Each structure stands twice: as structure tokens, then as C-alpha cells.
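Residue strings, one per chain:
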Amino acid sequence: MKTTHKLLACLLCLSAFALCACDDSAFESMNTNSKRSSNADPNYQLTQCEAQIWGFWLWHETTLNYVSPFCQYLMGNWATTTYGGRYAKHPQYVGAIYDYMYVLTLKNLVDIVNRTSNTKQRNLHYIARIFKVYCFGIVTDLYGDVPYFEACRGHFDDNVLPTFDKQQDIYKDFMSELQTAVDSLSASEKTKVKGDIIYDGDILKWKKLANSLHLRYAMRMVKADPAFAKQEVSKALHNPGGLISSAEEEALVKYVYDSFDWETMEYRRNGIALLMKGTGEYPATYICSTFFNQLKDTNDPRLFVYCRTYDETSPNNPFGRHDITEDMLSAPKAKFQPVDPGYFSWERWPSGYWSSKMQKYYAKECRPQVNNFYLKPTSPGVIMTLAETKLLEAEAVARWGSEMSSKTVEQLYEEGVKAAFHHLESYGAEAFKDADINTYIAANNVSADQKDQIEKINMQLWILHFDNPWEGYANWRRVDYPVLKSSTEYGAKCLNSQTIPLRLCYPLFEGTYNKAKYEEVLQRLGGTDDWNKPVWWDQ
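Procedures and definitions
Residues numbered from 1 in each chain as written. Predicted model: local features only at pLDDT ≥ 70, side-chain atom pairs only at ≥ 80, totals over all residues. Heavy atoms only, no water. pLDDT = per-residue confidence, 0-100. Contact = heavy atoms within 4.5 Å. Salt bridge = Lys/Arg side-chain N within 4 Å of Asp/Glu carboxyl O. Helix = DSSP H or I, 4+ residues; strand = E, 2+ residues; numbered from the N terminus. Buried < 20%, exposed > 50% of the residue type's maximum accessible area, 1.4 Å probe, protein only. 1 Å grid on protein atoms, 1.4 Å probe; cavity = no way out; pocket = protein on both sides within 12 Å on 5 of 7 lines; lining within 4 Å. Points joined across faces, edges and corners; volume = space filled by probe spheres on them.

**Student:** For this particular structure, what's the right way to read the confidence of the model for the protein?
**Tutor:** Mean pLDDT over the protein stands at 92; residues scoring 70 or higher make up 93%. Contacts for the low-pLDDT stretch residues 1-37, under 50 throughout, to residues beyond four places or in other chains number 78 contacts.

**Student:** I would appreciate a short explanation of the pattern of salt bridges in the present structure.
**Tutor:** Where charged atoms from two side chains of opposite charge come close, those side chains can pair. Tallying each qualifying case throughout the model produces 33 salt bridges. Salt-bridge contacts for D145 lead to R524; the nearest nitrogen and oxygen are separated by 2.8 Å. Of this pair, D145 sits in the loop between helix 8 (122-143) and strand 1 (146-147) while R524 sits in helix 23 (residues 515-524), placing them 379 residues apart in sequence. Here D145 falls in the buried class, since its relative accessible area comes to 14%. With a shortest N-O distance of 3.5 Å, E471 and R216 are connected by a salt bridge. Of the two residues, E471 is situated in helix 21 (residues 469-479) and R216 in helix 11 (residues 203-219); the sequence distance between them amounts to 255 residues. For E471, a relative accessible area of 6% translates into the label buried. Taken together, the shared-partner salt bridges connect D141, R216, R220, E388 and E471 into one network.

**Student:** Explain empty space enclosed by the protein here, please?
**Tutor:** Applying the stated criterion across every chain, the model contains five cavities of 30 Å³ or more. When its volume is computed, the largest cavity comes out at roughly 150 Å³. Taken together, 17 residues line the largest cavity, and the ones lying closest to its centre are I272, M276, Y374, F466 and D467. Those elements that place two or more of their residues in the lining of the second largest cavity are helix 8, helix 11 and helix 21. With five residues, helix 8 is the largest single contributor of residues to the lining of the second largest cavity.

Pasting the structure below:
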């Protein structure tokens, strides 16, 4: 895909924003029957939707404040530790993804699907349906039962009070939607898809993504409905078109706008990178000790690719800081001290060391932070990777045997781990040496025991999803690997839960504007919006 094409598509997509602009409230924007026609090109509505997923920083406040610390990827800065580390509910943050996703992305996707259903834009129609499944997957995996079948259709059929559908029914429709898309997409279609910043309208790659998402969501159901999960996993693995099978086929949103700003409707740069850079003189996105120690204890060559330590020099310019990682590795008394779950970076003050090279004493700087490449506004947003498909296929074989694949668990595990290493190169990491990867795999390989296979496969998925925390949180709940201790077990004082919450709470406005349907869904949760109540596939 040419950079100029991507930039043009991103710019043109802004013309579609009028479709989903807010009036007086988020609810009115989502549900008011405006009866107004729109001249927005559905191709560039798709562009906007694709760019928003990682470009819209307002909902990534929830990602960094709750999802990443729940998974124990990040910890230490004020908001991350207060909300996600000490389990404190904040109405704005817990409901933000639900709130904005419906108003912005899902509303546009529903509109694209509706307006292209009887047109010559057949491939665009089915691509939008694939991406709609992906986006609804984010919402239902975080919140559980959500409006789905009737959602965002108020300007079509006057239903402005959508029902909260059961997640079980939503997932069944996911299977149907993805299968229909694979069966219906045609590479010979004359009308080309424009403005697609993921695959540039490549239909064969969209089929692979649909099959790979089918595998992801089918595997999600292994606890809740094992028989149905097995059936759908088999379909995904044997469908025409296959799965994502190379790094070139990975579904990544490639951003081109190399600038930091806090404009809420600017989607051409990575929004989570913007937040990790922060507004202070220096970034404060610290690595949680759980993640750091897992990599350290297994001699993982990715350890100091995911994280680095930096001297607090060059204020307001994170890329001008001195990287002191190698200095610490060579200094006998230097000790990397990541932040424990539930603690702030300034608590349990690091022991520090004297740097003879820099002629300076370092203390707080010994806290590992995310690698600078994660702070770049052009860093990619992850939809799905080769590594995930390989590791999920490996788990399918571990659970159900050779009928799932001609390859063994060991072969697929090795391919998945290698792909996970090389995935980091898409951010600008130096290429890993084959010898280093092979040494790591040999020391951390799967055995013939099924439990060991499932545990090690999902440990690798947890590591992989560091830069896709929505998926990391979902997969951790699905299989309970790795075994994470709560912040209270580390001695932290927690507020609204003593264990890691299992879902996010709905936005408060639902209880006002859609009161009857909201109260109905609360009854399924036991009468309150309980964030310790597992979603359907986690039960």
C-alpha cells in the first residue's frame, strides 16, 4: 500500500464524520432518527472506522487505565495504578469504549452495511461486515451483553431503544457473519474497494482475516460451549482462503501522521502512543513487574525490546532521552525494578546505582518503561497477527487432535513464537537472530502433556498481546493463563474490588436513556452492574 494513498484516504475519510457527529448528547447522536440523506462515500466511512480503532485516543484512556493494568502489562503512573491497579471505578473511563464505539465506529459500519446491501459495492459490503464483527467483538468482550442486532439502526427503523442482546447470541451471529463474508467476497468483482488502510482492498487478504477472526472468536467459546467451539474452529481452519499465513498478511493499521496533538477527531496517528507519551515533561508508562519478570525469568530475548530504561533528560522530547539500559546491564550494582501490581512508581523507591559512564546517580530511572518505539505516532495498530493465528491453531490441535491441522502442536507453537518475535520488527525493533529464538524455544518448549501445551501456548499469547491489550484481557479471561495474583495479594489497598475485575461497567447514561432495557440486562448480572461477574464465554 502506498503511503500517499493511505494519507489521501485518511484525509478524505474526515468528510464522513458528519454522519456520526454529536448533537446534544452521545445518546441523541447514536439514536436520533434524523431522516437526513448523506453523500458520504462508504469507502471513506470504512477508512474512518479503520483509523479510529487505534487512532481515537479518548477510548484508549480506558485501555491504559483499566485493560493494560488488569492484564498486568503496565503499572505505576497515577491513573493506571489508581483505576486499573487498585480497581477503582471511574464512570467516565469504564464506559468510554462502549460510549464512543457506538457513536462513532459502529454507527458508520452499520450504515455502510445498510447502504451497500443492494449495490454494486459487493466487496465493500462484506468487508464492512467483517470489520463490524471485529468492532462489536471489542465491545461485547469488554462489557458482556450489549445492543447488537438493533444497535445503531435508529436512523433506519426508528428503534432508538435497542435491546441488550445476550453474548451467546451475538457470538453465534459472529460465526454466521464471518462465514457469509468468506463465502461471498470475490476477487473478480469489478468494483474495487477504495480507502481501505489495512489491506488496500485486497480481497484475498480480507478472506484470510475473516477466517482468522472466525478462529479467534470460536476459540473464545471453549469453556462456555465446547462442542460449538470445536465445530466453528474446524470451519475456520478448513475454510477456503485459509488463515493469515505470513507477516505481509497481518491486519495492521499503518498510521502516517508523524505528529503529536490532542485533537479528538484526528485519527491519522496512533492514539495509544499519544497517551503513553503523555502530557508531562517525561513519559510515565511503566512496565508491570509481572510482565517484566516473566520475560526475565525465562531469558526471553524480547525483554529489552518491549521495555527500556531512560535518563530523564530532554524534557518534552521523549526521543531525546538517554537510553541507559545497556549502562544498567553493565553496572554491577544496577537493578531493574519494575512496578508491582497496585503500586505507584514512586512507592517502594528503587535502590538505584551510580553510573560511572554518565557520572550520575540514577534511582527512579531504574523503572523499566515501554520502548520508545511504542511512543511513535506512526506505530501500527494491531487487529490480528500471524503469531496469534499460529498459536490459536496450536491450541486447537492440543484440544482436539490432528483433525484440526496436518501440523503438530510443537510445529505450530514454534511457528507462532517465531512470528511473535518478528512481529516486534513491525515497530522498528532490530531483527532477531534465529539462534536466539531457537535457544528460547528449546528452553520453553511444550511437552506432550495437554495441560502444559495449553498453558505455554497461552503464555505466549499473553506476551504477544502486550501491544493489543483488548485481546490480551479477553484471552487471559478465556483460559486463566497466566495465573495472575491480584493487587491485594501484593499488599496494595484496593477500592471497588479485591480481585481483578472480569468486565467493564456500562456507561451511566444507559440507565437514563434506555432505562427499561438497561434494568433488564442488570437482572442477568444479579441486579447490579457488577464488574466481577464474568461474561458468558468466561463462565
